[in-house]
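# Secondary and tertiary structure notes
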There are 2 protein chains.
Amino acid sequence: MTTENSISFEIATRLRTEILRQRFQSGDRLPSERDLAARFDSSRGAVREALSQLEQSGLIDIQPGGARVKPIEAASISVLGPLMSLDEVPDPALVDQFLQTFGALSALTAREAIKQANDEDMIRLRRMVVNLNRQSKDFESMQPPWREFLEELANVADNLVVHLISNDLKTHFVEQMLQLGFVPKLRKTAVNEVLSDLQKAVAARDGNQAQAAVQAYFDEVRGAVRELIHSRLGENRRQAV
Amino acid sequence: MTTENSISFEIATRLRTEILRQRFQSGDRLPSERDLAARFDSSRGAVREALSQLEQSGLIDIQPGGARVKPIEAASISVLGPLMSLDEVPDPALVDQFLQTFGALSALTAREAIKQANDEDMIRLRRMVVNLNRQSKDFESMQPPWREFLEELANVADNLVVHLISNDLKTHFVEQMLQLGFVPKLRKTAVNEVLSDLQKAVAARDGNQAQAAVQAYFDEVRGAVRELIHSRLGENRRQAV
DNA sequence: CTCTATATTTGGTCAGACCAATTTGGTCCG
DNA sequence: CGGACCAAATTGGTCTGACCAAATATAGAG
């Protein structure tokens, strides 16, 4: 974004973090706008803009009488980014849920893309899958062609709902993963099998099989990422001692 | 929500509608805050709160020099509700995409719920599936037990990411469907087959099979809803003539 | 202790002002 | 004619101070 340097954005960020860190019980009243303005050494207008954002993301409920904190479960998906950035190393369970979800949506996209593709699309997709199989089966070298493949699937499937969700999901996530130098170690034999299935599915134009294969790939990534985060958390714990 | 009666909310709603109706080309500059305040007969503060919301939902980009409209594809999932409410009868393609997506997430939830359920959970789930099968196979009578079943699955799976997405997806959608008196006509034999598969899957604790069955059910609903919307659109066209 | 009436607090909105950055318009030069 | 440059107008970002109506808290009466 571009307006991230404004005071209201800063206030929203700090309040959001406090809420996500459970500094407030659900149902608690937030300090009044005037108090917040004083605390952040700014004006009511800036605070109101920040609160307006937090309300739209479902974290608070503004009423005459006071703003009340809502449970995290009531929030919108837009809080996922901030939620994963709370600590240096994100919550493993949350990352796993993210990958599950992103995998399911990608798999759906694959199914629908194959269902709706025209001949040219299929040619392109087949070529990309073959290319995927050519790469050595480590995460680093497979990432770019996978990304390309998923984007092409999304183009063909042309599902706006999934697209919009992906906008929210990818925000902050990929960058945080990369920033941590994430290189999950995939099990090559398993990945080979998945890719083989995927290639067959695309060749035979079998949407359901392609869906299963894509999901299986993400499940592989999930397992590798889980291990990686746990070892990372172990390191941090050792450093802390 | 509770603050939907404010001026800033009204301004945001009207501007959002105009943007979604493509009244502005992507990249166009929005009128200045002062102009908008004059046009809506209000103050800059109210307009700024509205614009702040629109920016958070990814519809515009506020910069010194002016606010610019972004392409809809860049928006957040929170625009889905307004997007489907643009016309009295929502865009069939969009509804189909919604059901695809919701179905895929529900199917994922089923898989993970069965994977993580303890013995008590499984007993409850099995009972609910049997109960599902007892109902007559029309949409109206199956809706409540399905809803209950899906909620239970979500409780067991406990996937916050899917939960947050569902918050956004369900907003405005269900009510609009109900408001239209939507009663899709399911193909009973197909539904029976799906439910039978689902029951077997839950009995055998086969997550993947349950996932496939749930998805198949949603695909059935998709087909029925598609027909229904098309006939509804036909009626409207006839009325218009 | 309960209930009511009053005073205070809170959000909703507005008007007006200042600053810094951008945009715009015009001018001058090649 | 075209491009570079500069000044003026515009725009967003922020603050101050004010008023209203609704909600809340408080004190007092029963």
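Residues numbered from 1 in each chain as written. Chains lettered and ligands numbered in written order. Predicted model: local features only at pLDDT ≥ 70, side-chain atom pairs only at ≥ 80, totals over all residues. Heavy atoms only, no water.

### Observations regarding the side chain of Glu49 of chain A
Within the secondary structure layout, Glu49 of chain A lies in helix α3 (residues 44–56). Sequence-distant contacts of Glu49 of chain A, defined by excluding residues within four places in its chain, comprise Ser8 of chain A together with Arg48, Glu49 and Ser52 of chain B. (Helix = DSSP H or I, 4+ residues; strand = E, 2+ residues; numbered from the N terminus. Contact = heavy atoms within 4.5 Å.)

### Structural notes on the packing of helix α7 (residues 139–157) of chain B against helix α10 (residues 188–204) of chain B
Residue and element names in this part refer to chain B. At a minimum axis separation of 15 Å, α7 and α10 run at an interaxial angle of 25°. It follows that α7 is roughly parallel to α10 by the angle criterion. Crossing angle aside, the handedness with which α7 passes α10 is left-handed. Residues Met142, Trp146 and Phe149 of α7 lie in contact with α10, whose contacting residues are Val191, Leu195 and Leu198. A class-by-class count of the residues in the contact of α7 with α10 yields six nonpolar, no polar and no charged. (Axes fitted to C-alpha atoms, helices over the stretch in contact; angles between N-to-C directions. Parallel < 35°, antiparallel > 145°, perpendicular 65-115°, else oblique. Left-handed = near helix turned anticlockwise from the far one by under 90°. Nonpolar A, V, L, I, M, F, W, Y, C, P; charged D, E, K, R; others polar.)

### Brief notes about the interface of chain A and chain B
Frequently, the measure chosen for interface size is the accessible area removed from exposure when the parts meet. Across the contact, 48 residues belong to chain A and 48 residues belong to chain B. Summed over both sides, the interface between chain A and chain B buries roughly 4100 Å², with carbon and sulfur atoms accounting for 51% of that surface. On the chain A side of the interface with chain B, the three residues burying the most area are Gln56, Val161 and Leu164 of chain A, jointly 14% of the side's total. Linking chain A with chain B are six salt bridges, by the criterion used here. For Arg48 of chain B, the salt bridge is made with Glu49 of chain A, and the minimal N-O distance between the two is 2.8 Å. One can count 24 residue pairs in polar contact (both at pLDDT 80 or more) joining chain A with chain B. When residues of the side of chain A that touches chain B are traced back to their parent elements, those giving at least two are α3, β1 (60–63), α4 (80–84), α5 (92–116), α8 (160–170) and α11 (207–240) of chain A. In terms of residue count, α5 of chain A provides more of the side of chain A that touches chain B than any other element does, 10 residues in total. (Buried area = accessible area lost by both parts, 1.4 Å probe. Salt bridge = Lys/Arg side-chain N within 4 Å of Asp/Glu carboxyl O. Polar contact = N/O pair within 3.5 Å; in protein donor to acceptor, adjacent residues only side chain to side chain.)

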